[in-house]
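Residue strings, one per chain:
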Amino acid sequence: MRLFPLLLFCSTICAAQQKAITDIAGGCSTTNLKKNLYYLASAKMEGRAMGSKGDVLAANYVAAAYKANGLTAPYDKNRSYFQSITAILKQDKATLTINNKRFDIFDGWQLYPSLPADLKDMPVILANHTSPDDFYRDLPQMEVREKAVVLNGVLMAKFFKSGIDSLSNVLTKRGALAIIWSSPSVSKVLDRQRSRKFIPQYVQPQTPAPGSVLPLPEIALSPERLKTLLAADNLTTNTDGTLQNPGDKNYRELKTIVSVELNRQFKETHAPNVIGMIKGTDTSLASVVISAHHDHDGVNGKEIYYGAVDNASGTVAVMEIAAMMNRAVKQGLRPKRTIVFASFTGEERGLLGSAWYVAHPVQPMEKTYAVLNIDMMGRPDTIHVNHKMADSTNYAYILVKDTLNRGLRDALYGANDASTKLTLDTHYEAPQYIMRRLTGSDQYYFYLKGVPFIRIDCGFSTDYHKPTDTPDRVNYSLLTKQTQLAFVTLWNLANK
Ligand SMILES: [Zn+2]
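Residues numbered from 1 in each chain as written. Predicted model: local features only at pLDDT ≥ 70, side-chain atom pairs only at ≥ 80, totals over all residues. Heavy atoms only, no water.

Identification of the protein chain as Peptidase M28 domain-containing protein from Mucilaginibacter pedocola is taken from an unreviewed UniProt entry.

This is the structure:
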């Protein structure tokens, strides 16, 4: 009974607070979003490749916004917002030799190595099976020890579907040295890789779990290179890589000898994350992180990859959210939980900035309540455009993993009901998409550390990762609404 007036008191206060927050969200500045986005996605930034001049300029710009909005600087005795990450640049030179013919990497072949070891003078055994069951039935008779095993496109597709790791494990136990496979799709992949050769490769932060078996090196061949491989045996194949005249056995040893030389060099590099904080009223509580990545793909010759939607949009949203949160604080509405603002570098090079952050956080991961990650906003995606969907300027894709039942979905839907009323589209939460979405942006390393997350985004346009991802193609009204949604959601999370 005695609780009743208290509850009433609280709900009145809460409603008043919610109204004040919605009003602040209403003041979200489209002008600022636009101005900042045009700056971050300008030619001067040269595509903001991790560790480049543009990356540093972008980081400085974000830091200036943090400072202007009174965010606490966590580094260098509260004087710096910059967290310098270390990344290891990897330079590979690889050559494939088939009998005596040498081919540089991407010239009809690609290598997926597990370790930088040379594979010298490997005899080759070819399997012509079209189902894993048939393959495994013959395997005990096949002499795969110290050899490379060639699989056709049909069989490989089935192994990919059922999980390539088990095949790799079985062949490793039998002493095989490598898997060679070919399919018509390899040519397409190689075209794409050649066109993206300007992008540097870095050592990825994920290390195999202790005791796990490293996968066998895989050599993928284009149909043309497969021809080279089979020439000495006068074998010809169908387009899917199966043999035209297989003979009575489904496997055979080839006359061909294959080698791969891999020369790998490493170089230590550094790049900036930008971290700022708004202290909560109860610093004993776990904090909430709002994040976006500011890096993109850089420059290929004269072609700049502007990365306006990906992810200048998310970066300017975080800057604007800092401004709105500062307005709230100035009105006496300080969030209960501390909010950590994170602008990550190196997302495009393999989530390097966020992986570094979760290993070196300003608040321990156990004291991180949730992360709200924003990657790509403000551009109606191909699904909405192609289907002429009515809500194409009033939606957001959402992905929520509330692993600890902390009411993340309530925070998000409650924010949307109270303010923007967008269509919250759960399309990418479907089982066939979720892993790619989960691993495809900075929430992933938080997730691996057990931190629940919300991701908000606009989906993919035809300009995704192309030089045509430019600021003039952004819908600023949509960007504003999605930023408002993120702000109110963040407020709700920080007051749980
Ligand atoms: Zn992105």
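Here the narrative resumes.
Novice: Would you take a moment to explain the coordination of the zinc ion for this structure?
Specialist: Put simply, a metal with four donors set out as a tetrahedron has ideal angles of 109.5 degrees, and one with six donors set out as an octahedron has ideal angles of 90 or 180 degrees. Taken together, H293 (NE2), D310 (OD), D375 (OD) and D375 (OD) make up the full set of protein donors to the zinc ion, lying 2.0 to 2.7 Å away. Sequence spacing among the residues donating to the zinc ion works out to H-x16-D-x64-D. With H293 in strand β10 (residues 287–293) and D375 in the loop between β14 (368–374) and α11 (382–386), this residue pair connects regions lying 82 residues apart in the sequence. Take H293 and D375: they sit in the same class, and that class is buried. (Donors = N, O, S within 2.8 Å, 3.2 Å for Na, K, Ca; no water. Helix = DSSP H or I, 4+ residues; strand = E, 2+ residues; numbered from the N terminus. Buried < 20%, exposed > 50% of the residue type's maximum accessible area, 1.4 Å probe, protein only.)

Novice: Can you walk me through the UniProt feature "domain: Peptidase M28" (unreviewed entry) in the protein chain in this structure?
Specialist: Here, the residues flagged by UniProt with the feature "domain: Peptidase M28" (unreviewed entry) are residues 273–485. Helix makes up 34% of residues 273–485 and strand 22%, whereas the separation of the span's terminal C-alpha atoms amounts to 24 Å. (UniProt positions renumbered as here; feature names shortened; annotations may be inferred.)

Novice: Would you explain the pattern of salt bridges in this entry?
Specialist: A side chain of one charge can pair with a side chain of the opposite charge if their charged atoms are brought near each other. For the coordinates displayed, the defined rule picks out 15 salt bridges. Across the salt bridge formed by R102 and E261, the nearest N and O atoms sit 3.2 Å from each other. One end of the pair, R102, is in strand β2 (residues 101–104); the other, E261, is in strand β9 (residues 251–278), and 159 residues separate them in sequence. The salt bridge involving R349 is made with D297; its shortest N-O contact spans 3.2 Å. Of this pair, R349 sits in the loop between β13 (339–344) and α10 (352–359) while D297 sits in the loop between β10 and β11 (298–300); the two residues are 52 residues apart in sequence, bridging distant segments of the chain. Accessibility classification places R349 together with D297 in one group, the buried group. (Salt bridge = Lys/Arg side-chain N within 4 Å of Asp/Glu carboxyl O.)

Novice: Any chance you could explain helix α12 (residues 408–418) here in plain terms?
Specialist: Residues three or four positions apart in an α-helix share a direction because the helix packs 3.6 residues into each turn. Every buried residue belonging to α12 is among L408, A411, L412, A415 and N416, and all of these are buried. Each buried residue of α12 lies within a common arc of 125° when the element is viewed along its axis, so the set occupies one face. In this structure, α12 carries D410 and D417 as exposed residues pointing more than 90 degrees from its buried face. Contact partners of the buried residues in α12: β14, β15 (395–401), β16 (423–425), β17 (453–457) and α15 (476–494). (Arc of directions from axis to C-beta. Contact = heavy atoms within 4.5 Å.)

Novice: What am I meant to see in the packing of aromatic side chains here?
Specialist: Pairs of aromatic rings are described using the distance from one ring centre to the other and the angle between the two planes. Here the structure, examined in full by the defined rule, presents 19 aromatic pairs. Through pairs of rings, three or more aromatic residues link up here, namely Y395, Y397, Y428, Y433, F460 and Y464. One Lys or Arg, R337, reaches over the ring of Y369 and ends 3.7 Å from the middle of that ring. (Phe/Tyr/Trp six-rings, centres within 6.5 Å; stacked < 30°, edge-to-face > 60°. Lys NZ or Arg CZ within 6 Å of the ring centre and 35° of its normal.)

Novice: Where do I start with the domain arrangement of the protein chain in this structure?
Specialist: Often, the extent of an interface is quoted as the loss of accessible area on bringing the components together. On domain assignment, one finds that the protein chain holds domain 1 (3–72 + 279–494) and domain 2 (90–265). Between the C-alpha centres of domain 1 and domain 2 there is a distance of 41 Å. Facing the 13 residues of domain 1 at the interface are ten residues of domain 2. Roughly 950 Å² is buried in total at the junction of domain 1 and domain 2, and carbon and sulfur atoms are behind 56% of that figure. Where domain 1 meets domain 2, there are one salt bridge. The partner of R196 in a salt bridge is D297, and the shortest N-O contact between them spans 3.0 Å. Viewed at the interface, domain 2 and domain 1 are joined by two residue pairs in polar contact (both at pLDDT 80 or more). Per-element accounting of the side of domain 1 that touches domain 2 gives the leading share, three residues, to β11. (Domains from an automatic or database assignment. Buried area = accessible area lost by both parts, 1.4 Å probe. Polar contact = N/O pair within 3.5 Å; in protein donor to acceptor, adjacent residues only side chain to side chain.)

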